[in-house]
Amino acid sequence: MCVTCGCSDDAKSTITNLETGEVEHNDHTHTHTLADGTVITHSHDHQGEESQIHAKIHGTTISLEQDILAKNNLLAAQNRGWFQGRNILALNLMSSPGAGKTTLLTRTIQDLKHQLLISVIEGDQETANDAQKIQETGCKVVQINTGTGCHLEAAMIARGLQQLNPPLNSVVMIENVGNLVCPALFDLGEQAKVVILSVTEGEDKPIKYPHMFRASEIMILTKVDLLPYVQFDVEKCIEYARQVNPKIQVFQVSATTGMGLEGWYGWLSATVADFLPVSV
């Protein structure tokens, strides 16, 4: 359960491998498509572990929220060790819906495909639309659908990595569910969080959602080619972001025109060089 909004947890999530068509349900029901098109579904009788504990005292239910985050953090630490053991740089991309995460991600993959090995874990409540767009670039991608969940969790990432099987000495981009609140709270085992904000959203987002911008190392301001057509104060937005996080780095880009992408690509390449002891 989400400690902020009460959405459902990993119990109802599904993972789709776009290469094989296999869909894995976290209730341990698995669907396989055979070469002749036959679909086979089988289940394992396994009682899922409760993700939230409630203590009922005099009719009042107390949610032990710290236990949820503690469990997630433990799994995130395991993911981080998994990444480090394979020399994989993992980045957690977060934004509100429609900020341009997928457009930026596909442009990044296309532009850097000869320099970096990039795989993607795509998070959405429903559909594999964005994962299909990413797959069209030739990139390995798995889709995690969270159902009513509003964020990815470390357990979902661990399951997704089994399907993705990213190569050694590579980069894994995790595109989180569109939401500026809950994803900031849940460590996935990533090396860094990247928040994406578009100029169509309003310059005050960093002070409206301070936890997200405080948790992020990078802020990418997207759709800057639209600045002549919208009311958006870039300097004020950056001022707000650094008000909540003085160390945050800011890149202003247009994934459509390519404007400003060299700064984002430079940071990514430098981070890969620092993180991965073996050149990719």
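The name that an unreviewed UniProt entry assigns to the protein chain is Hydrogenase nickel incorporation protein HypB, with the source organism given as Anabaenopsis elenkinii CCIBt3563.

**Observations concerning unusual backbone geometry**
A positive phi is found at Asn87, a non-glycine position, where the angle reads about 55°. Here the phi dihedral of Asn169 falls at roughly 55°; this positive angle occurs in a residue that is not glycine. Here Asn169 is to be found in the loop between helix H4 (154-164) and strand E10 (170-175). Look at Asn169 and you get buried, because its relative accessible area is 18%.

**Points about the confidence of the model for the protein chain**
Interpretation of this model should avoid reading the predicted coordinates in detail wherever pLDDT is low. Model confidence for the protein chain is summarised by a mean pLDDT of 85, while 80% of its residues fall at 70 or above. Confidence over residues 28-62 falls short of pLDDT 50; this stretch has 51 contacts with residues more than four positions distant or in other chains.

**So, the environment of Lys193**
Here Lys193 lies in strand E11 (residues 192-198). As a C-alpha pair, Lys193 and Arg214 span 21 residues in sequence and 9.9 Å in three-dimensional space. Once residues lying within four places of it in the same chain are set aside, the contact partners of Lys193 are Asn92, Met94, Pro183, Ala184, Phe186, Asp187, Ala215, Ser216, Glu217 and Ile218. For Lys193, the side chain forms a polar contact with the side chain of Glu190, separated by 2.5 Å.

**Regarding the nonpolar core**
Leu91, Leu104, Val120, Met173, Ile220, Trp264 and Leu268 are the most contacted members of the largest nonpolar core, which totals 33 residues. Taken together, the elements giving at least two residues each to this core come down to strand E7 (88-95), helix H2 (101-112), strand E8 (118-124), helix H3 (129-135), E10, E11, strand E12 (218-222) and helix H8 (261-275). Here this core takes six residues from H8, the largest share from any one element. With near-sequence residues (within four places) excluded, Val120 lies in contact with Leu105, Ile109, Ile134, Cys139, Lys140, Val141, Val142, Leu164 and Met173. Met94, Val195, Met219 and Ala241 belong to the second-largest nonpolar core, a separate cluster that totals 19 residues.

**Observations regarding the packing of aromatic side chains**
Enumeration according to the criterion identifies two aromatic pairs in this entry. With a centroid separation of 5.8 Å and 85° between ring planes, the pair formed by Trp82 and Phe83 is classed as edge-to-face. Geometrically, the ring pair formed by Trp264 and Trp267 is stacked, given 5.8 Å between the ring centres and 15° between the ring planes. Placement of the pair is Trp264 and Trp267 together in helix H8, with a separation of three residues, close to one helical turn.

**Here we look at the pairing of E8**
The buried fraction of E8 amounts to seven of the seven residues, a majority that puts the element mostly inside the structure. The side-chain alternation of E8 yields two buried faces, one formed by Ile118, Val120, Glu122 and Asp124 and the other by Ser119, Ile121 and Gly123. Summarising the sheet, E8 and E10 pair through five bridges and their orientation is parallel. Directly across from Val120, in E10, lies its bridge partner Met173. Bridging between E8 and strand E9 (residues 140-145) involves six bridges; their strand directions are parallel. Counted as the bridge partner of Ser119 is Lys140 from E9. Taken together, E8, H3 and E9 constitute a β-α-β crossover, and its handedness is right-handed.

Cut-offs applied
Residues numbered from 1 in each chain as written. Predicted model: local features only at pLDDT ≥ 70, side-chain atom pairs only at ≥ 80, totals over all residues. Heavy atoms only, no water. Helix = DSSP H or I, 4+ residues; strand = E, 2+ residues; numbered from the N terminus. Buried < 20%, exposed > 50% of the residue type's maximum accessible area, 1.4 Å probe, protein only. pLDDT = per-residue confidence, 0-100. Contact = heavy atoms within 4.5 Å. Polar contact = N/O pair within 3.5 Å; in protein donor to acceptor, adjacent residues only side chain to side chain. Core = buried A, V, L, I, M, F, W, Y, C linked by side-chain atoms within 4.5 Å. Phe/Tyr/Trp six-rings, centres within 6.5 Å; stacked < 30°, edge-to-face > 60°. Pairing = 2+ DSSP bridges. Right-handed = clockwise from strand over helix to strand, strands pointing away.

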